Amino acid sequence: MKTIKAILILLSPIFVGWFALFLGAYEVTPLMVLKILLNETLHIFEIGDIPEKAIVIDIRLPRVILAGIVGACLSGAGVTLQGIFRNPLVDPFILGISAGAAFGCAITIGFLSNIPIQFMAFVFAVSAVVIAYTVARTQGEVSRLPLILSGVIVSAFFTALVSIVKFLVDPHKLQSIVYWLIGSFSLADWKAVKVSFVGVILGILPIFLMRWRLNVMSMGEEEAKALGVNVLRERVLFIGFSTLAVAVATSLCGIIGWVGLMVPHLVRMLTGPDHKTLVPLSFAAGASFMIAADTISRTLTSFDIPVGIITALTGAPFFIYLMKRSGKEAWGK
Amino acid sequence: MLNLKEVYFRHKNQTTDVLKGISFNAEKGSITTILGPNGSGKTTLFKCITGLWKYYKGEIKVDRVSIDKLSFKKRARLFSVVPQEHEPPFPYSVFDVVLMGRASYIGVFSSPSKKDYEKAETALKTVGIEHLKNIPYTKISGGERQLTLIARAIVQESPVMLLDEPISHLDFRNQINILKKIKEIALIRGITVVMTLHDPNLASLFSDKVVVINSGSKVAEGLPKEIITEDLIKRVYDIEVKKADIDGQSIICPVL
Ligand SMILES: Nc1ncnc2c1ncn2[C@@H]1O[C@H](COP(=O)(O)OP(=O)(O)OP(=O)(O)O)[C@@H](O)[C@H]1O
Ligand SMILES: [Mg+2]
């Protein structure tokens, strides 16, 4: 039963992605999508230069792939952070990592256009998580509530810095910062997809390889040490890789919150807490969730609603639900 | 096997020592029990042995090799630890918890191999909890948790096993069962067991050697029936007791 669920989750991005390709303002039949894809990959039949081809290959396909990769990065980072901080209520957004990355991106767009945006995003994302962690850490342990509070503080701080940048840049650049901050895939193209693979290779892949260690790390610092884990080193690695994934994702599509919180929970409920399966399934489910959310955001009305709004609309109630359900223990040590 | 010599420990920014020169030896295949009142330093002693806390003076050796500078990975292959209290944040299955004992043998970028899985299965059988394999660790009883943690310590394959109050939350039957299991493991596998207990009778029933500590200093060390006397209990715990013999087994009973 668990295996069947796991296989379904693993395959879900393909199904969801398939739907996403033929849904949209311009009608393309499912069969036509298949034909176009087959034509592009295998060159079996000639379909000529029809408009559907450009829509599917140049617009929808990169957007779907990008949404999938960003979803995988965010929920992968979420599951990692929940594991190492032994805290089911954290994700990159709550810990201020997204806000840190956003600030790095904003100053790059505003003032430092010759520095790679991903680099600055990473630098400030790492600063954010290090500050949040240091503030919350007392006597070698990081309790749940202080960590969330310090995440809120760090998040507010970097958001304020972004506002300063917005205030200082020229109006032309301001518009692109604002648009990008909201969190949207409307600017997706193949170039963005290529960049997103950096997040996959430097963030997702190492987390996948290290995933079993998360079981041990989540038992707490002292116990992990007694079991032979170099806690400090592995914590640095996990934070580094997940922050890289978030920085790349944020640099491509702005701040998209809550995915990293919700998806790992849903997967845990369906297939259990063992990180050996939880991590890859969270990647897959994160991808599906993000593709679905993006498809809703661009088909619900005649214009593109930023996908960050859709995830926040589902995420905030979900957080409240978790808080109420787990009650007192969620805030304990 | 395990030798402690004049171990001193104090907490940061404190002026008094918690451990004031503790020395004792624990032999291979035998059970050494640390006995002492609350706050006497038993848990502190264990944390010094496992390297979580740094003692500032003295020496701890395993097989005549000093362990001061060992990494956590190497330490984990010398000592397996059964912690006192314990609540994982996620409902891992009993099997997953046992498997964690293999952490020091598994590379950072890899997962447990087939061999690791087999070892975890065997350990579950050894302690007799195969039937709990897929049950969430958060949903089993205190005694079953203790057995799970002992199984986890077994898969660690370390020559020394440290147990801090392994029976503190258990009913009478489970107390006896767990201690029997520990004794069996020490004998069959030749493991050096060091544990802490609060009950002098259980200590003398199950251990080959007892080390009594009081406010950070060793008060007595030796064969249980020789050192657990009316006088010692009076000195350490400040209560009146009578010692009696039942079938050659000496029993301590409080006098009201
Ligand atoms: N963080 C700390 N700072 C200062 N003193 C401490 C600290 N932690 C513990 N102590 C002191 O160290 C002493 C030894 O504590 P320890 O936990 O080792 O006792 P124990 O023998 O394990 O007691 P119990 O039987 O209750 O488990 C106690 O007197 C305690 O007050
Ligand atoms: Mg103690």
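Here is what the cut-offs are and how they apply
Residues numbered from 1 in each chain as written. Chains lettered and ligands numbered in written order. Predicted model: local features only at pLDDT ≥ 70, side-chain atom pairs only at ≥ 80, totals over all residues. Heavy atoms only, no water. Near = heavy atom within 4 Å. Polar contact = N/O pair within 3.5 Å; in protein donor to acceptor, adjacent residues only side chain to side chain. Areas by Shrake-Rupley, 256 points an atom, 1.4 Å probe, with all protein chains shown as cover. Nonpolar A, V, L, I, M, F, W, Y, C, P; charged D, E, K, R; others polar. Helix = DSSP H or I, 4+ residues; strand = E, 2+ residues; numbered from the N terminus. Buried < 20%, exposed > 50% of the residue type's maximum accessible area, 1.4 Å probe, protein only. Lys, Arg positive; Asp, Glu negative; His and termini not counted. Salt bridge = Lys/Arg side-chain N within 4 Å of Asp/Glu carboxyl O. Contact = heavy atoms within 4.5 Å. Pairing = 2+ DSSP bridges. Patch = residues over 30% accessible without salt bridge, like charges linked within 9 Å, V, L, I, M, F, W, Y side chains within 5 Å. Buried area = accessible area lost by both parts, 1.4 Å probe. Axes fitted to C-alpha atoms, helices over the stretch in contact; angles between N-to-C directions. Phe/Tyr/Trp six-rings, centres within 6.5 Å; stacked < 30°, edge-to-face > 60°. Lys NZ or Arg CZ within 6 Å of the ring centre and 35° of its normal. Expected span 1.5 Å × (residues − 1).

Residue and element names in this part refer to chain B. In the vicinity of ligand 1 there are 14 residues, among which Asn 38, Gly 39, Lys 42, Thr 43 and Thr 44 approach most closely. Contact distances for ligand 1 include 3.3 Å between an oxygen atom and a backbone N or O atom of Ser 40. Gly 41 has a polar backbone atom sitting 3.0 Å from an oxygen atom of ligand 1. Considered on its own, ligand 1 offers 650 Å² of accessible surface; in the complex 60% of this is hidden by protein. Residues that form the shell around ligand 1 fall into these classes: 2 nonpolar, 10 polar and 2 charged.

Here we take up the side chain of Asp164(B). Residue and element names in this part refer to chain B. Along the chain, Asp 164 turns up in strand 7 (residues 160–164). Within the buried core, Asp 164 has no salt-bridge partner, and the shortest N-O distance to an opposite charge, that of Lys 42, equals 6.7 Å. Polar side-chain contacts of Asp 164 include one of 2.8 Å to the side chain of Thr 196. Sequence-distant contacts of Asp 164, that is, excluding residues within four places in its chain, are made with Thr 43, Phe 46, Val 82, Pro 83, Gln 84 and Thr 196.

All names here are of chain B. Tracing the backbone through its elements, the reader meets Ile 191 in the loop between helix 6 (172–189) and strand 8 (192–197). Exposure remark for Ile 191: the relative accessible area of 8% places this residue in the buried category. A sequence separation of 59 residues divides Ile 191 from Ser 250, and the C-alpha atoms of the two residues are 26 Å apart. When neighbours within four sequence positions are excluded, Ile 191 is seen to be in contact with Gly 29, Ser 30, Ser 158, Pro 159, Val 160, Met 161, Ile 185 and Ala 186.

Quick look at the sheet that holds strand 2 (residues 19–26) of chain B now. Residue and element names in this part refer to chain B. Taken in spatial order, the 4 strands of this open sheet run 2-1-4-5, and their pairing is antiparallel. A single partner strand is all that each edge strand has here, and the edge strands are strand 2 and strand 5 (65–66). Pairing between strand 1 (residues 2–9) and strand 4 (residues 57–62): 5 bridges, direction antiparallel. When the bridges of strand 4 are listed, Leu 2 appears paired with Val 62.

Residues and elements named next belong to chain A. Taken together, the side chains of Ile 7, Leu 10, Leu 11, Ile 14 and Phe 15 make up a nonpolar region of the molecular surface, amounting to roughly 500 Å² of accessible area. Structurally, Leu 11 is set in helix 1 (residues 2–22). You can call Leu 11 partly exposed: its relative accessible area is 38%.

Turning next to the interface of chain A and chain B. Contacts between chain A and chain B engage 32 residues on the former and 33 residues on the latter. When the area that chain A buries against chain B is broken down by residue, the three leading residues are Trp212(A), Met219(A) and Leu227(A), summing to 25%. Seen at the junction of chain A and chain B, the total is 2 salt bridges. For the side of chain A that touches chain B, the elements supplying multiple residues, two or more each, are helix 3 (51–84), helix 8 (190–217), helix 9 (221–226), helix 10 (231–253) and helix 12 (275–299) of chain A. Per-element accounting of the side of chain A that touches chain B gives the leading share, 9 residues, to helix 8 of chain A. Residues belonging to the side of chain A that touches chain B are distributed by class as follows: 14 nonpolar, 6 polar and 12 charged.

This part covers unusual backbone geometry. In terms of backbone geometry, most residues other than glycine have negative phi values and most peptide bonds are trans. Residue Trp258(A) is not a glycine yet carries a positive backbone phi of 75 degrees. Checked against the element boundaries, Trp258(A) lands in the loop between helix 10 and helix 11 (259–271). Trp258(A) gets classed as buried once you look at its relative accessible area, which sits at 15%. In this structure, Glu157(B) is a non-glycine residue whose phi angle is positive, near 55 degrees. Examined against the element boundaries, Glu157(B) turns out to sit in the loop between helix 5 (142–155) and strand 7.

All right, on to the sheet that holds strand 8 of chain B then. All names here are of chain B. Across the sheet, which stays open at both edges, the 6 strands sit in the order 6-7-8-3-9-10 with mixed pairing between neighbours. Each end of this open sheet is capped by a strand with a single partner; those strands are strand 6 (79–82) and strand 10 (217–222). Across the sheet, the axes of successive neighbouring strands diverge by a mean angle of 20 degrees, strand direction being ignored. In this structure, strand 3 (residues 31–35) lies alongside strand 8, joined through 5 bridges in parallel fashion. Across the sheet, the residue bridging to Thr 32 is Val 194, located in strand 8. Its contacts with the sheet put helix 1 (residues 42–49) on strand 3, strand 6, strand 7, strand 8 and strand 9 (209–214), and the angle it makes with strand 7 is roughly 150 degrees.

We now examine the packing of aromatic side chains. All told, the structure shown has 14 aromatic pairs over all chains when counted by the stated rule. An aromatic cluster of three or more residues is present, and its members are Phe103(A), Phe124(A), Phe157(A) and Phe158(A). Sitting over the ring of Tyr105(B), Arg102(B) keeps its end group 4.2 Å from the ring centre. Lying over the aromatic face of Phe95(B), Lys133(B) brings its terminal NZ or CZ to 5.1 Å of the ring centre.

A few words on helix 6 of chain B. Spacing of three or four residues puts side chains on the same side of an α-helix, whose turn is 3.6 residues. All names here are of chain B. An ideal rise of 1.5 Å per residue puts 26 Å on 18 residues; helix 6 measures up with 26 Å between its terminal C-alpha atoms. Where the residues of helix 6 are buried, they touch strand 3, helix 4 (114–127), helix 5, strand 7, strand 8 and helix 7 (200–206). For helix 6, the N-terminal capping position is held by Asp 171, with its side-chain oxygen 3.1 Å away from the main-chain nitrogen of Arg 173. At the C-terminal side of helix 6, Gly 190 shows a positive phi close to 65 degrees.

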